[in-house]
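Below, each chain spelled out in residue letters.
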Amino acid sequence: MKLSVRVIEARNLPAMDLNGFSDPYVRLQLGKQKVRTKVVKKSLNPQWGEEFGFQVDNLNEELLFSVLDEDKYTNDDFVGQLKIPVSRIFESDDKWLGPAWHSLQPKNERSKNKDCGEILLTIYFPQNNSSLDLNGSGVHGLQGRKYADETIESSSSGPLDPPSPLRVEEIASSMEDKSCMQNSIADRIAQIFNKHSDTDSLASKPPEISGPEVYENKSEDKSSSDTFEELMRKIESRDQRNEIPNNLPGGVVLDQLYQIAPPDLNSLLFSPDSRFYKPLADLQGSTELQLGPWKFENVESLKRVVTYIKAATKVIKAVKATEEQMYLKADGKVFAVLASVSTPDVMYGSNFKVEVLYCITPGPELPPGEQSSHLIVSWRMNFLQGTMMKGIIENGARQGIKESFEQYASLLSEIINPVDSKALGSNKEQVLASLHVKPPSDWKLAVQHFANFTVVSSICMGLYVLVHIWLARPSAIQGLELFWLDLPDSISEFIVCSVMVLQGERLMRMILRFMQARIKKGSNHGIKAQGDGWFLTVALVEGINIAAVDSSGSSDPYVVFTCKGKTRTSSIKFKKSDPQWNEIFEFDAMDELPSVLDVKVYDFDGPFDEIKSLGHAEINFLKYNKSDLADLWIPLQGKLAQACRSKLHLRVFLDNSRGGNVVREYLSKMEKEVGRKMNVRSPQTNLAFQKLFGLPPEEFLINDFTCHLKRKMPLQGRLFLSARIIGFHTNLFGHQTKFFFLWEDIEDIQIVPPTLSSMGSPIIVMTLRPGRGMDAQHGAKTKEDGRLKFRFQSFVSFNIAHRTIMALWKARSLSPEQRVQIIEESEAKSIQTDESSSLGLDDVSMSEVYASALSVPLHLRYQIEDLPPKSKRCMVRVYFGITWLKSTTNQKRITKNIMKNMQDRLKTIFCVVEREFAAR
């Protein structure tokens, strides 16, 4: 019999690590069959949601659950355990136990009072349980079922052994007790999968042992008879997840745009009659390729099984591979397929599976109106059991995956034309030309704005009053009236006058609001940006589900774009929840590459009302490539926007008019501020830097330093500096730590003097602005008032690192006026920096050799300071240092002699100058 076990979640687990958390996983054992769940990092209430299958041969066995805490460098810590007899499950109602919470017990009886937490389980014998049901077992990917190795092997073998007498008796007794229930189940299955068949004749047959399998095969035949297009329509109609699955942590092996629509690319790659798989198998040397039919499992997921024999390599022989493919998302535009590949015949093959994620998303629209698709393939290793060969297996799989998908990409490029992302910039004018639509006239907008009940009723009421005045005769003055003051003569007249005044005020506000909105049409519409540098072009196409803030169920939205202190404003769309703008904004040339574009959506309520925010967003150019920016849907943040799921459709283009000398010009400018020579890094180094942090191609490395990141324990790594980011990366024993944040996010940089805790080295403390850099918060030392603080220490050359960091930070965060002031202040120290840079003196220690207070206003190229309040006095300081090109035993003596001679010489010089000035 087959026993199904679903491990759902746990709660209140004890903390086993020093950080106050655990890395729990569950190990299940029934006899010799052992499986385990995935590891949930840093959690005391983990959620697994995984299902396993076991083959039961003896009802006297116990099912053992062991919750363990994973440790990479030591043995895994024991958290708690649970034992459940199989007979207890078999004797329960409907042979079903759960879902129920079970208390975990300690391993040692002496610790009975120890609280080990609870685990939520569901254990049951399936209703169609028989020895023949093993053919339906399989292995899911990330959230699917995982069965024991023995079950997998039995399902992949040939004819099965005949059932034992114990199994026959158990099945027969269960069939006799619940024949009525199975008849009802049979009727339901027949109605679902065979609506046009004669269900009465099927239900009237006596129950047999293989009865449930007959219905299951019929359902499979029914689902497999549907065409691939019909299956896609079915899965699109189901409730799919809105979010696209994230790339798997193993890395991206294919990232390419293709000139094809996403549904067509999905059909080419995964359709049963695809013309892609057979040539791919021939190219890779795979044989005996068999594509299983797509079918629904549990009425939720669409799956199929692909089997083939992988070609032999220098390392391993030819082995049989089983690839189970499952759709995670298919909404007609976005498709995500997870493939779990198992090779049990290789060494340690039962310990791991290779998981590959295919993501197909819409690409940017091409100029002729054709569609494009963005294909991203990522992978990871899923180890079902721990092994000491983990690193070797992962490295071998990485090389095999890389070579396999190089062939995959080359064959796909022969069938479909790839799109060069660099060529999208050249199509900028053609893409933007489609947005140049003629705006509606002011008269048309006025008709749309004033065509409502308020305006119509006000006009009718005004005409009625005018006609009344024309027909009425002047009345005699009475009461408190004067010849120039005509008051209402009754309460009804007073009420009518009040209504007319309020109506007139409302109409005047509407007119004033419309006029103000037409004056505020937007900025930079159709105006070409000028200058030489980086150009930013933003096309605002449309918005959907914009939040409504008034009683009419709509709003009057407009959008404000801000980049490097410059603002562009769109026009106002009256009474629109899905506005269409089709407006283009250009930002003037910027000397430095922009990092962030702020987008804010407001509701226009007139010139005198308070501005209401409808949502905001931030476009970080470091997280997008050019192809993504060319056609971008951004979700808006904020309570109203998130509740309505508001989005904006943008097209962003970032171009440079300076050609390929941007890097050299930037480095030459920074050399003056840093005070030392800065060299251009090699293309290979820049490419490795971009891949390490996932940066766009225009980002380039300036310098990097070895240092320690101070958290609870110092973590040695490298600090990377570029024009827009500061990043840190370390890889200790396979555990990677990396993060980056923008220079603009830094609020302050401070230097902490060396202490014993800092190992005798100064510390650079970087404090970010409130709420900024949250993606890098795992590298922060502390968080105060929403500000993250990062500490870096133990630089090999602290002075160079400090000067470079301060120069880059000031270049990005300070205003032009502040930069000019800093440059003027640094010119007083130019002698020192110029001489040291020309001689290659980076960190030569300087000591003061002469100091004198003179009564003359000297202007020398030394460091001279005024001595207020006496304007005729100045302070002259001369610094002197020696660097030794070759070592000698007389260094101290030579230094002392040179120092003494220099002091005497300078003292004589300034004494002569002072006497000459006094004699005047």
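See above for the structure.
Residues numbered from 1 in each chain as written. Predicted model: local features only at pLDDT ≥ 70, side-chain atom pairs only at ≥ 80, totals over all residues. Heavy atoms only, no water.

## Things to note about the overall build of the chain
Along the chain, the regular secondary structure elements total 22 helices and 37 strands. Sorting the 920 residues of the chain into buried and exposed places 41% on the buried side. Restricting to contacts in the chain with at least 6 residues of sequence separation, those with at least 24 account for 61%. Of the accessible surface of the chain, which amounts to about 51800 Å², a share of 53% is contributed by carbon and sulfur atoms. (Helix = DSSP H or I, 4+ residues; strand = E, 2+ residues; numbered from the N terminus. Buried < 20%, exposed > 50% of the residue type's maximum accessible area, 1.4 Å probe, protein only. Contact = heavy atoms within 4.5 Å. Areas by Shrake-Rupley, 256 points an atom, 1.4 Å probe, with all protein chains shown as cover.)

## Points about the packing of aromatic side chains
Two descriptors summarise a pair of aromatic rings, namely the distance from one centre to the other and the angle between the planes of the rings. Applying the stated criterion across every chain yields a total of 25 aromatic pairs. Consider the rings of Phe705 and Phe795, whose centres lie 6.4 Å apart with planes at 75 degrees: the pair is edge-to-face. Remark: Phe795 occurs in the loop between strand 34 (787-793) and helix 19 (798-813) and Phe705 occurs in strand 27 (residues 701-710); sequence separation between them is 90 residues. The pair formed by Phe705 and Phe795 is uniform in burial state, with each residue classed as buried. Counting every residue linked through ring pairs, the aromatic cluster contains Phe270, Phe276, Tyr277, Trp294, Tyr327, Tyr358, Phe405 and Tyr408. In this structure, Lys95 is placed above the aromatic ring of Phe90, and the distance from its NZ or CZ to the ring centre is 4.5 Å. The cationic tip of Arg304 hangs over the ring face of Tyr277; the distance from NZ or CZ to the ring centre is 5.4 Å. (Phe/Tyr/Trp six-rings, centres within 6.5 Å; stacked < 30°, edge-to-face > 60°. Lys NZ or Arg CZ within 6 Å of the ring centre and 35° of its normal.)

## Examining unusual backbone geometry
Even without being glycine, Lys42 reaches a positive phi, approximately 50 degrees. Locating Lys42 in the fold gives a position in the loop between strand 3 (33-36) and strand 4 (47-55). One non-glycine residue, Asn545, lies in positive phi territory at about 55 degrees. Here Asn545 is to be found in the loop between strand 19 (534-544) and strand 20 (557-563).

## Some words on helix 9 (residues 277-284)
Among all positions in helix 9, only Tyr277, Leu280 and Ala281 are buried. Down the axis of helix 9, the buried side of the element spans an arc of 100 degrees, and every buried residue falls inside it. Count one or two residues on from helix 9 and you reach Gly285, which has phi positive near 80 degrees. (Arc of directions from axis to C-beta.)

## A short note on the side chain of Ser373
Looking at where Ser373 falls in the secondary structure, it is placed in strand 17 (residues 373-383). Side-chain polar atoms of Ser373 contact the backbone oxygen of Ala261, separated by 3.4 Å. Apart from the residues within four sequence positions on either side, Ser373 is in contact with Gln256, Leu257, Tyr258, Ile260, Ala261, Pro262, Leu265, Ile360, Thr361 and Gly363. (Polar contact = N/O pair within 3.5 Å; in protein donor to acceptor, adjacent residues only side chain to side chain.)

## Notes on the sheet that holds strand 2 (residues 24-30)
Pairing in this open sheet of 4 strands is antiparallel, and the strands run 3-2-5-6 from one edge to the other. The open sheet has two edge strands, strand 3 and strand 6 (77-85), and neither has a second partner. For this sheet, the mean inter-axis angle between neighbouring strands, taken without regard to orientation, is 15 degrees. Bridge analysis of strand 5 (residues 62-69) against strand 6 gives 8 bridges, and the strand direction is antiparallel. Bridge pairing in strand 6 links Asp69 to Asp77. (Pairing = 2+ DSSP bridges. Axes fitted to C-alpha atoms, helices over the stretch in contact; angles between N-to-C directions.)

## Points about the pattern of salt bridges
Under the definition given, this model contains 17 salt bridges. For Lys278, the salt bridge is made with Asp282, and the minimal N-O distance between the two is 3.2 Å. Of the two residues, Lys278 and Asp282 both sit in helix 9, 4 residues apart, roughly one turn of that helix. A salt bridge links Glu784 to Lys789; the nearest nitrogen and oxygen atoms lie 3.5 Å apart. Accessibility expressed as a relative area gives 40% for Glu784, which makes it partly exposed. The partly exposed category is assigned to Lys789, whose relative accessible area is 22%. What emerges from the salt-bridge pattern is a single network uniting Glu592, Glu744 and Arg812. (Salt bridge = Lys/Arg side-chain N within 4 Å of Asp/Glu carboxyl O.)

## Notes on the sheet that holds strand 21 (residues 566-569)
With antiparallel pairing, 4 strands are arranged side by side in an open sheet as 21-20-23-24. The sheet is open, and its two borders are formed by strand 21 and strand 24 (612-620), each paired with just one other strand. Sheet twist, expressed as the mean angle between neighbouring strand axes with direction ignored, is 20 degrees. Across 4 bridges, strand 20 lies against strand 21 in antiparallel orientation. By the bridge assignment, Phe561 is partnered in strand 21 with Arg568.

## Notes on a nonpolar patch on the surface
A grouping of Ile477, Leu480, Leu482, Phe483, Trp484, Leu485 and Leu487 is seen on the molecular surface, where their side chains present a nonpolar patch of about 810 Å² in accessible area. Tracing the chain through its elements places Trp484 in the loop between helix 13 (453-471) and helix 14 (491-519). Residue Trp484 is classed as exposed on the basis of its relative accessible area of 58%. (Patch = residues over 30% accessible without salt bridge, like charges linked within 9 Å, V, L, I, M, F, W, Y side chains within 5 Å.)

## A look at the pairing of strand 10 (residues 251-258)
Judged from the 7 bridges that link them, strand 10 and strand 17 form a sheet pairing that is antiparallel. Within strand 17, the position partnered with Leu254 by the bridge is Val377. As paired elements, strand 10 and strand 18 (residues 418-419) share 2 bridges and run antiparallel to each other. Counted as the bridge partner of Leu257 is Val419 from strand 18.

## Quick look at the nonpolar core
Within the largest apolar cluster, 46 residues are counted, with the highest numbers of intra-cluster contacts made by Phe270, Tyr327, Leu375 and Tyr408. No other element matches the 8 residues that helix 10 (residues 390-415) contributes to this core. For Phe270, the residues in contact, after removing those within four places along its chain, are Phe228, Tyr277, Trp294, Arg304, Gln325, Tyr327, Val337, Tyr358 and Ile360. Leu667, Ile702, Leu721 and Ile746 belong to the second-largest nonpolar core, a separate cluster that totals 39 residues. (Core = buried A, V, L, I, M, F, W, Y, C linked by side-chain atoms within 4.5 Å.)

## Some remarks on the packing of helix 7 (residues 228-237) against helix 8 (residues 262-270)
Two numbers describe how helix 7 lies on helix 8: the axes approach to 12 Å, and their chain directions differ by 120 degrees. As far as their axial angle goes, helix 8 and helix 7 are oblique. The element helix 7 and its partner helix 8 pack so that their crossing is right-handed. Mapping the contact onto sequence places Phe228, Glu229 and Met232 in helix 7 and Asn266, Ser267 and Phe270 in helix 8. (Parallel < 35°, antiparallel > 145°, perpendicular 65-115°, else oblique. Left-handed = near helix turned anticlockwise from the far one by under 90°.)

## Here we look at the pairing of strand 13 (residues 301-310)
The element strand 13 is largely enclosed, with a buried count of 7 among its 10 residues. Bridge count for strand 12 (residues 295-297) against strand 13 is 3 bridges, and the pairing is antiparallel. Across the sheet, the residue bridging to Lys295 is Lys303, located in strand 13. With 8 bridges connecting them, strand 13 and strand 14 (residues 319-330) associate as antiparallel partners. The residue bridging Thr307 from the neighbouring strand is Thr322, located in strand 14.

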